[in-house]
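The lines below spell out each chain.
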Amino acid sequence: MRMFGRARYQYYTNVNYLTCERCLAWHGVIRSNPTDFPDHDDDCERSILPIPPREGRVYREKGKRMRTAAQGELSRRKLFEQGVEAISDSPESAIEAFRRSATYDVYVPDLERLATRHRDLLDSDPNLREGLRALFVKAFSDKFGWHRYERLPEPMRLRREEEGIERINEIFR
Ligand SMILES: [Zn+2]
(Lines give C-alpha, C1' and ligand atoms only; values in the text may rest on other atoms or scores of the structure.)
Protein backbone atom coordinates (compact mmCIF):
# COMPACT_ATOMS: atom_id res chain seq x y z
CA MET A 1 0.00 0.00 0.00
CA ARG A 2 1.31 3.44 -0.95
CA MET A 3 0.79 5.62 2.09
CA PHE A 4 2.90 8.68 1.48
CA GLY A 5 3.81 8.51 -2.19
CA ARG A 6 7.38 8.53 -3.34
CA ALA A 7 9.66 11.19 -1.92
CA ARG A 8 10.85 13.74 -4.47
CA TYR A 9 13.51 16.39 -4.47
CA GLN A 10 14.14 19.52 -6.49
CA TYR A 11 17.49 21.04 -7.39
CA TYR A 12 17.70 24.75 -6.64
CA THR A 13 20.53 27.17 -7.38
CA ASN A 14 20.71 30.94 -7.12
CA VAL A 15 20.61 32.07 -10.77
CA ASN A 16 22.92 34.98 -11.47
CA TYR A 17 25.92 35.90 -13.62
CA LEU A 18 28.24 33.65 -11.57
CA THR A 19 26.16 30.46 -11.61
CA CYS A 20 27.97 27.68 -13.46
CA GLU A 21 26.37 26.02 -16.47
CA ARG A 22 26.05 22.68 -14.71
CA CYS A 23 23.96 24.19 -11.89
CA LEU A 24 21.89 26.11 -14.46
CA ALA A 25 21.24 22.82 -16.28
CA TRP A 26 19.96 21.22 -13.04
CA HIS A 27 18.00 24.20 -11.68
CA GLY A 28 14.39 23.11 -11.12
CA VAL A 29 14.97 19.44 -12.01
CA ILE A 30 13.04 16.94 -9.85
CA ARG A 31 14.36 13.50 -8.92
CA SER A 32 13.17 10.79 -6.52
CA ASN A 33 16.71 10.00 -5.43
CA PRO A 34 18.76 12.95 -4.12
CA THR A 35 22.00 11.15 -5.00
CA ASP A 36 21.04 11.56 -8.69
CA PHE A 37 22.01 15.21 -8.40
CA PRO A 38 25.67 16.14 -9.00
CA ASP A 39 27.92 16.58 -5.98
CA HIS A 40 28.25 20.10 -4.70
CA ASP A 41 31.86 20.85 -5.54
CA ASP A 42 31.67 24.46 -6.73
CA ASP A 43 30.91 27.89 -5.27
CA CYS A 44 27.32 28.12 -6.48
CA GLU A 45 24.64 28.47 -3.87
CA ARG A 46 22.48 25.37 -4.06
CA SER A 47 19.88 23.38 -2.16
CA ILE A 48 18.18 20.06 -2.66
CA LEU A 49 14.60 20.83 -1.68
CA PRO A 50 12.44 17.98 -0.37
CA ILE A 51 9.01 18.27 -1.99
CA PRO A 52 6.26 18.09 0.62
CA PRO A 53 3.64 15.38 0.08
CA ARG A 54 0.80 16.48 -2.23
CA GLU A 55 2.76 19.48 -3.47
CA GLY A 56 4.24 17.73 -6.49
CA ARG A 57 2.20 19.75 -8.94
CA VAL A 58 3.18 23.09 -7.35
CA TYR A 59 6.85 22.12 -7.49
CA ARG A 60 6.59 20.91 -11.09
CA GLU A 61 5.12 24.27 -12.07
CA LYS A 62 7.80 26.05 -10.10
CA GLY A 63 10.35 23.81 -11.80
CA LYS A 64 9.18 25.02 -15.23
CA ARG A 65 9.68 28.64 -14.21
CA MET A 66 13.10 27.77 -12.80
CA ARG A 67 14.06 26.09 -16.09
CA THR A 68 12.95 29.23 -17.94
CA ALA A 69 15.04 31.43 -15.63
CA ALA A 70 18.11 29.22 -16.15
CA GLN A 71 17.65 29.28 -19.94
CA GLY A 72 17.18 33.05 -19.77
CA GLU A 73 20.49 33.44 -17.96
CA LEU A 74 22.25 31.44 -20.69
CA SER A 75 20.60 33.61 -23.37
CA ARG A 76 21.59 36.74 -21.45
CA ARG A 77 25.26 35.69 -21.35
CA LYS A 78 25.30 34.80 -25.03
CA LEU A 79 23.75 38.10 -26.11
CA PHE A 80 26.01 40.11 -23.84
CA GLU A 81 29.12 38.38 -25.26
CA GLN A 82 27.84 39.01 -28.79
CA GLY A 83 27.71 42.70 -27.89
CA VAL A 84 31.20 42.68 -26.41
CA GLU A 85 32.57 41.02 -29.56
CA ALA A 86 30.69 43.25 -32.02
CA ILE A 87 31.15 46.66 -30.44
CA SER A 88 34.31 47.75 -32.30
CA ASP A 89 33.13 46.84 -35.79
CA SER A 90 29.40 47.22 -35.48
CA PRO A 91 28.34 49.36 -32.51
CA GLU A 92 24.69 49.40 -33.57
CA SER A 93 24.36 45.63 -33.60
CA ALA A 94 26.28 45.53 -30.30
CA ILE A 95 23.80 47.93 -28.70
CA GLU A 96 20.93 45.80 -30.00
CA ALA A 97 22.54 42.68 -28.47
CA PHE A 98 23.07 44.50 -25.15
CA ARG A 99 19.48 45.73 -25.22
CA ARG A 100 18.17 42.19 -25.72
CA SER A 101 20.52 40.81 -23.09
CA ALA A 102 19.26 43.41 -20.62
CA THR A 103 15.69 42.14 -21.00
CA TYR A 104 16.92 39.11 -19.00
CA ASP A 105 19.05 40.96 -16.45
CA VAL A 106 21.93 43.39 -16.03
CA TYR A 107 24.98 42.82 -13.81
CA VAL A 108 27.45 45.59 -13.03
CA PRO A 109 30.54 43.28 -13.08
CA ASP A 110 29.77 42.47 -16.74
CA LEU A 111 29.68 46.19 -17.50
CA GLU A 112 33.03 46.67 -15.76
CA ARG A 113 34.46 43.92 -17.94
CA LEU A 114 33.02 45.48 -21.09
CA ALA A 115 34.46 48.89 -20.22
CA THR A 116 37.90 47.49 -19.32
CA ARG A 117 38.14 45.55 -22.54
CA HIS A 118 37.01 48.45 -24.76
CA ARG A 119 38.34 51.41 -22.76
CA ASP A 120 40.05 53.07 -25.74
CA LEU A 121 37.00 52.77 -27.95
CA LEU A 122 34.73 54.17 -25.24
CA ASP A 123 37.13 57.02 -24.45
CA SER A 124 37.21 58.03 -28.11
CA ASP A 125 33.47 57.80 -28.76
CA PRO A 126 31.31 59.91 -26.40
CA ASN A 127 28.10 59.08 -28.30
CA LEU A 128 28.61 55.38 -27.93
CA ARG A 129 29.52 55.83 -24.28
CA GLU A 130 26.40 57.87 -23.62
CA GLY A 131 24.24 55.38 -25.54
CA LEU A 132 25.51 52.51 -23.40
CA ARG A 133 25.24 54.51 -20.19
CA ALA A 134 21.61 55.40 -20.87
CA LEU A 135 20.73 51.86 -21.93
CA PHE A 136 22.26 50.19 -18.89
CA VAL A 137 21.05 52.76 -16.35
CA LYS A 138 17.48 52.33 -17.57
CA ALA A 139 17.74 48.54 -17.68
CA PHE A 140 19.32 48.41 -14.23
CA SER A 141 16.65 50.65 -12.77
CA ASP A 142 13.86 48.68 -14.48
CA LYS A 143 15.06 45.37 -13.09
CA PHE A 144 14.34 46.43 -9.52
CA GLY A 145 10.68 46.63 -10.45
CA TRP A 146 10.68 43.00 -11.54
CA HIS A 147 8.99 40.43 -9.43
CA ARG A 148 12.28 38.69 -8.61
CA TYR A 149 13.74 41.83 -7.03
CA GLU A 150 10.51 43.11 -5.53
CA ARG A 151 10.97 40.55 -2.77
CA LEU A 152 13.99 42.41 -1.38
CA PRO A 153 13.25 44.67 1.59
CA GLU A 154 12.52 48.17 0.30
CA PRO A 155 15.54 50.05 1.81
CA MET A 156 17.93 47.36 0.55
CA ARG A 157 16.39 47.45 -2.91
CA LEU A 158 16.66 51.23 -3.12
CA ARG A 159 20.26 51.20 -1.91
CA ARG A 160 21.27 48.50 -4.37
CA GLU A 161 19.54 50.31 -7.21
CA GLU A 162 21.21 53.64 -6.34
CA GLU A 163 24.66 52.12 -5.92
CA GLY A 164 24.38 50.25 -9.21
CA ILE A 165 23.25 53.32 -11.13
CA GLU A 166 26.03 55.40 -9.61
CA ARG A 167 28.57 52.81 -10.66
CA ILE A 168 27.17 52.58 -14.21
CA ASN A 169 27.37 56.38 -14.50
CA GLU A 170 31.03 56.19 -13.47
CA ILE A 171 31.87 53.38 -15.86
CA PHE A 172 30.39 55.17 -18.90
CA ARG A 173 31.06 58.76 -17.83
ZN1 LIG B 1 27.55 25.35 -9.99
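Just so we're clear, the structure is a prediction, and the values are computed from it rather than from any experiment.

This part is about the layout of surface pockets. Taken as a whole, the largest pocket encloses approximately 1100 Å³ of empty space. If you trace the largest pocket, you find 33 residues lining it, with Val15, Ala69, Arg148, Tyr149 and Arg151 closest to the centre. Where the lining of the largest pocket is concerned, the elements lending two or more residues are β1 (9-13), α2 (56-86), α6 (126-143), α7 (147-150) and α8 (154-171). Ranked by the residues each element gives to the lining of the largest pocket, the list is headed by α2, at eight residues. Tallied by class, residues from the lining of the largest pocket come to 13 nonpolar, nine polar and 11 charged. Residue contributions to the lining of the largest pocket reach at least three from each of two domains, namely domain 1 (1-78) and domain 2 (106-173).

So, on to the sheet that holds β1. Read from one edge of the open sheet, three strands run β2-β1-β3, paired in antiparallel fashion. One side of each edge strand has no neighbouring strand; the edge strands of this open sheet are β2 (30-31) and β3 (46-50). Note that β1 and β2 share two bridges and pair antiparallel. Bridging across to β2, tyrosine 9 finds its partner in arginine 31.

Before going further, it helps to examine a positive patch on the surface. Taken together, the side chains of Arg6, Arg8, Arg57 and Arg60 present a region of like positive charge at the surface. Among the structural elements, arginine 6 can be located in the segment before β1.

Quick look at the coordination of the zinc ion now. In the first shell of the zinc ion, the protein supplies Cys20 (SG), Cys23 (SG), Asp42 (OD) and Cys44 (SG), at 2.2 to 2.3 Å from the metal. Metal-centred angles of 97 to 117 degrees between the four donor atoms at the zinc ion mark the site as tetrahedral. Here the donor residues for the zinc ion map to a single chain with the spacing C-x2-C-x18-D-x1-C. You can see cysteine 20 sitting in the loop between β1 and α1 (21-26) and its partner aspartate 42 sitting in the loop between β2 and β3, a full 22 residues away along the chain. The partly exposed category is assigned to cysteine 20, whose relative accessible area is 24%.

We now examine the domain arrangement of the protein chain. One can read the domain layout of the protein chain as domain 1 (1-78) and domain 2 (106-173). Taken over C-alpha atoms, the centre of domain 1 sits 30 Å from the centre of domain 2. The interface of domain 1 with domain 2 comprises five residues on the first partner and four residues on the second. Surface buried jointly by domain 1 and domain 2 totals about 380 Å² across both partners, of which 57% is contributed by carbon and sulfur atoms. Three residues, Val15, Tyr17 and Arg76, lead the burial of domain 1 against domain 2; their summed loss comes to 88% of the area buried on that side. Between the two partners, domain 1 and domain 2, sit one salt bridge. Taking the shortest distance from any N to any O, the salt bridge between arginine 76 and aspartate 110 comes out at 2.9 Å. For the pair domain 1 and domain 2, the number of links is one residue pair in polar contact (both at pLDDT 80 or more). By residue class, the composition of the side of domain 1 that touches domain 2 is two nonpolar, one polar and two charged.

The rules behind each value
Residues numbered from 1 in each chain as written. Predicted model: local features only at pLDDT ≥ 70, side-chain atom pairs only at ≥ 80, totals over all residues. Heavy atoms only, no water. 1 Å grid on protein atoms, 1.4 Å probe; cavity = no way out; pocket = protein on both sides within 12 Å on 5 of 7 lines; lining within 4 Å. Points joined across faces, edges and corners; volume = space filled by probe spheres on them. Helix = DSSP H or I, 4+ residues; strand = E, 2+ residues; numbered from the N terminus. Nonpolar A, V, L, I, M, F, W, Y, C, P; charged D, E, K, R; others polar. Domains from an automatic or database assignment. Pairing = 2+ DSSP bridges. Patch = residues over 30% accessible without salt bridge, like charges linked within 9 Å, V, L, I, M, F, W, Y side chains within 5 Å. Areas by Shrake-Rupley, 256 points an atom, 1.4 Å probe, with all protein chains shown as cover. Salt bridge = Lys/Arg side-chain N within 4 Å of Asp/Glu carboxyl O. Lys, Arg positive; Asp, Glu negative; His and termini not counted. Charge placed at Lys NZ, Arg CZ, Asp CG, Glu CD. Donors = N, O, S within 2.8 Å, 3.2 Å for Na, K, Ca; no water. Tetrahedral: all angles 85-135°; square planar, octahedral: opposite > 155°, others 65-115°. Buried < 20%, exposed > 50% of the residue type's maximum accessible area, 1.4 Å probe, protein only. Contact = heavy atoms within 4.5 Å. Buried area = accessible area lost by both parts, 1.4 Å probe. Polar contact = N/O pair within 3.5 Å; in protein donor to acceptor, adjacent residues only side chain to side chain.

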